[in-house]
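Structural overview
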Amino acid sequence: MQFMASKQPENSLLGPESDSQRTLYPYVTGTSVVALKYKDGILMAADMGGSYGSTLRYKSVERMKPIGKHSLLGASGEISDFQEILRYLDELILYDNMWDDGNSLGPKEVHNYLTRVMYNRRNKFNPLWNSLVLGGVKNGQKYLGTVSMIGVNFEDNHVATGFGNHLARPILRQEWHENLSFEDGVRLLEKCMRVLLYRDRSAVNKLQ
Amino acid sequence: MFRNQYDTDVTTWSPAGRLFQVEYAMEAVKQGSAAIGLRSKTHVVLGCVNKANSELSSHQKKIFKVDDHIGVAIAGLTADGRVLSRYMRNECINYSFTYESPLPVGRLVVQLADKAQVCTQRSWKRPYGVGLLVAGLDESGAHLYYNCPSGNYFEYQAFAIGSRSQAAKTYLERRFENFTDSSRDDLVKDAITAIRETLQGETLKSSICTIAVVGVGEPFHVLDQGTVQQIIDTFEIAAEQEDPATEPDAATGQEAATEQGTAADQGGSTDEGAAPMDI
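The model shown is predicted, which means the values in this text are computed figures rather than measured ones.

**Here we look at the overall build of chain A**
For chain A, the count of helices and strands is 4 helices and 11 strands. With 208 residues in all, chain A has 48% of them scored as buried. A separation threshold of at least 6 residues defines the contact pool for chain A, and within that pool the share at least 24 residues apart is 61%. Surface summary for chain A: the accessible area is close to 10,800 Å², and the carbon and sulfur share equals 50%.

**Description of the packing of aromatic side chains**
For the coordinates displayed, the defined rule picks out 9 aromatic pairs over all chains. On the basis of an interplanar angle of 10 degrees and a centroid distance of 3.9 Å, the ring pair of Y156 of chain B and F159 of chain B is categorised as stacked. Relative accessible area serves as the criterion here: at 21%, Y156 of chain B is assigned to the partly exposed category. An aromatic cluster of three or more residues is present, and its members are Y146, F154, Y156 and F159 of chain B. The ring of Y52 of chain A carries the charged tip of R57 of chain A above its face, separated from the ring centre by 5.3 Å. The cationic tip of K115 of chain B hangs over the ring face of Y87 of chain B; the distance from NZ or CZ to the ring centre is 4.6 Å.

**Description of the interface of chain A and chain B**
Taken together, the 14 residues of chain A in the interface contact 12 residues of chain B. Here chain A and chain B share an interface that buries about 1,200 Å² over both sides, 48% of which is from carbon and sulfur atoms. Together, W99, N103 and R116 of chain A form the three largest contributors to the area buried by chain A at its contact with chain B, with a combined 43%. Our count for the chain A to chain B interface comes out at 2 salt bridges. K138 of chain A is paired through a salt bridge with E139 of chain B; the nearest N and O atoms lie 3.0 Å apart. In this structure, the connection of chain A to chain B is made through 6 residue pairs in polar contact (both at pLDDT 80 or more). Only α1 (79–98) and α2 (107–123) of chain A provide two or more residues apiece to the side of chain A that touches chain B. The biggest single contributor to the side of chain A that touches chain B is α2 of chain A, with 5 residues. A per-class count over the side of chain A that touches chain B returns 4 nonpolar, 4 polar and 6 charged.

**Remarks on the sheet that holds strand β3 (residues 41–46) of chain A**
All names here are of chain A. The antiparallel open sheet is built from 3 strands, whose spatial order is β3-β2-β11. On the outer flanks of this sheet lie β3 and β11 (158–160), each paired with one strand and no other. Each neighbouring strand pair of the sheet contributes to a mean axis angle of 10 degrees, computed without reference to strand direction. Pairing geometry for strand β2 (residues 33–38) and β3, over 6 bridges, is antiparallel. Looking at β3, one finds that L36 is bridged to L43. Here helix α3 (residues 163–175) sits on the sheet in contact with β2 and β11, set at roughly 165 degrees to β11.

**A look at the layout of surface pockets**
As a volume, the largest pocket reaches approximately 530 Å³. Taken together, 27 residues make up the lining of the largest pocket; nearest its centre are E109 and K138 of chain A together with S101, P102 and E139 of chain B. Elements represented by at least two residues in the lining of the largest pocket include exactly α2 and β9 (141–147) of chain A together with α2 (78–99) and β5 (130–138) of chain B.

**A short note on the confidence of the model for chain A**
With 89% of its residues at a pLDDT of at least 70, chain A reaches an overall mean of 84. Confidence drops under a pLDDT of 50 for residues 1–19 of chain A, and excluding neighbours within four residues, the segment shows 31 contacts in the predicted structure.

**Considering the sheet that holds strand β9 (residues 209–215) of chain B**
All names here are of chain B. One open sheet accounts for 5 strands, arranged β8-β1-β2-β9-β10; its pairing is antiparallel. Either end of the sheet is taken by a strand with one partner, and the two such strands are β8 (158–161) and β10 (218–222). On average, adjacent strands in this sheet sit at an angle of 10 degrees to one another, irrespective of strand direction. Sheet analysis places strand β1 (residues 35–39) next to strand β2 (residues 43–49), joined by 5 bridges and oriented antiparallel. In the strand pairing of β2, R39 is matched with V44. Relative to the sheet, helix α4 (residues 165–175) contacts β1 and β8, its axis offset from that of β8 by approximately 170 degrees. Seen against the sheet, helix α5 (residues 184–199) touches β1, β2, β9 and β10 and runs at an angle of roughly 25 degrees to β2.

**Topic: the confidence of the model for chain B**
Residue and element names in this part refer to chain B. Looking at chain B as a whole, the pLDDT averages 83, with 84% of positions reaching at least 70. The secondary structure element of chain B with the lowest average pLDDT is helix α7 (residues 248–265), at 38, and the one with the highest is strand β3 (residues 63–67), at 94. Scored below 50 in pLDDT, residues 244–274 shows 28 contacts in the model against residues more than four places distant or in partner chains. Reported confidences for the modelled complex are a pTM of 0.80 and an ipTM of 0.79.

Reading the values: the criteria
The numbering scheme is per chain: residues are counted from 1 as the chain's sequence reads. Each chain is given a letter, starting from A, and each ligand a number, starting from 1, according to the order in which they appear as written. Per-residue local features of the predicted model are confined to residues with pLDDT of at least 70, and side-chain atom pairs are confined, for both listing and counting, to 80 or more; whole-chain, interface and lining totals are unaffected and use all residues. Each side-chain value is derived from all of the structure's non-hydrogen atoms; neither hydrogens nor water enter the calculation. Secondary structure elements follow DSSP: runs of H or I of four or more residues count as helices, runs of E of two or more count as strands, with numbering from the N terminus. Residue exposure (1.4 Å probe, protein chains only): buried if accessible area is under 20% of the type maximum, exposed if over 50%, otherwise partly exposed. Any pair of residues with heavy atoms lying within 4.5 Å of one another is described as a contacting pair. What sets the accessible areas is the Shrake-Rupley method with a 1.4 Å probe; for residues, cover comes only from the shown protein chains. Side-chain rings of Phe, Tyr and Trp (the six-membered ring for Trp) are treated as a pair once their centres are within 6.5 Å; stacked means planes under 30 degrees apart, edge-to-face means over 60, and tilted covers the remaining angles. Working rule: Lys NZ or Arg CZ, within 6 Å of ring centre, within 35 degrees of ring normal, means a charge sits over the ring. Accessible area that two parts lose when put together, with a 1.4 Å probe and added across both, is what the buried area reports. By definition, a salt bridge exists where a carboxyl oxygen of Asp or Glu is found within 4 Å of a side-chain nitrogen of Lys or Arg. Think of a polar contact as two N or O atoms within 3.5 Å of one another; within protein, one of them needs to be a possible hydrogen donor and the other a possible acceptor, and neighboring residues in sequence only count if both atoms come from side chains. Residues are grouped as follows: nonpolar covers Ala, Val, Leu, Ile, Met, Phe, Trp, Tyr, Cys and Pro; charged covers Asp, Glu, Lys and Arg; every other residue, Gly included, is treated as polar. Strand pairing follows a simple DSSP-based rule, namely that at least 2 bridges must link the two strands. In this description, a line fitted to the C-alpha atoms serves as the axis of each element, helices being fitted only across the stretch in contact, and the angle between N-to-C directions of two axes falls anywhere from 0 to 180 degrees. With a 1 Å grid spanning the protein atoms alone, the term cavity applies to any set of points in which a 1.4 Å probe fits but cannot get out, the term pocket to an open set with protein on both sides within 12 Å along at least five of seven lines, and the term lining residue to any residue with an atom within 4 Å of a point. Grid points are joined across faces, edges and corners, and a volume is the space filled by probe spheres set on the points. Here pLDDT means the predictor's own confidence in every residue, given as a number from 0 to 100.

Put into structure tokens, the structure is as follows:
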């Protein structure tokens, strides 16, 4: 196992010709994502900051994207790896649509696919440096799950990544209940994000 | 179908625009013993006639479980069928592992059809000589598909393939409009009746037919011989009163055979059909 400490350029992954193909450190990172299930579906919030180390460098990074017809993906961690994941999922959804039959990939399927991808990358010692939150609704069924950089995955009624786990989840554990209305859910998320803004150094005050 | 100069290779077209090798492969399907399938909105039933080489040997296995929600009945070259079932099982389990969701039947059928098409367009391959009745459950309901050696696939409400399947098809054509709303048990009875049609006079015993069911809340499984024999017994008695007009000869033949059949089967599963080999 060789560890080459050469500098990787931002927002791109080196090609196979170079020796250091392994992601060693994240460079441009996003901070926490918080999500919860409410009465009619899923609510997810993330700020729009991309930090370059300790500098809050980018202030309009979209860290949440819709996937297919049914799901929403939010990511914290290395932004370029998130964009790579989006490319994988784009291809996945494209092939799914090309079947042109009545079936479509729901949030559960996408979540499991991502778990496989993350786990396989970590097995090759080349992880995608992200913690992902995947939520969606299909046929009235709500689904909310998370996958970490090393492939740990689980589903729950409310999830968060990074600092959100320490700061936001206690609030959610206290105040979450089934059948939250949309307004209550938004208010709860806003409360979480405000706490994160106060206490997380890498949070910015612009939310998605 | 007669031999001609265009039928040596699967890659040779005839002037009439036919691929004879593919058509011969479909003939192989017609020579296999019968298999039938029918579906309602929530269940699909597959049935097949068991052929044994001799009285000493066991039956050919013609119904395969592919996944909890998909099963397949084959007619034709059973070796080809076995290989294709293994492929289908692989595909299902790989999809399940990656997506933790059952593979939609429609997609499996298309993959199977594409695989069959490849064999019709390579000079070093031959078409699969087996027709597959794929029964499965999906988000969009219960489905029954038929895959030909030619690479075509069709969705059916009810279908029969193999030798003497025309009799079964006629029966199914008469009754298919009722199938969508049939109960599961009615569907099984209809399947057994359809199989009886293909036997054309032979005694219907549970040892010569195999029935499998898949439905909502019911994973794919083959019904055991005891259950099948019970169902046969219940309606053989009713059948004499039910259809005396349509099958006068068969009914009288059945009467004598039923008594003999029930007497023989009362002991258990041993009978003159084939050597009992842990069926």
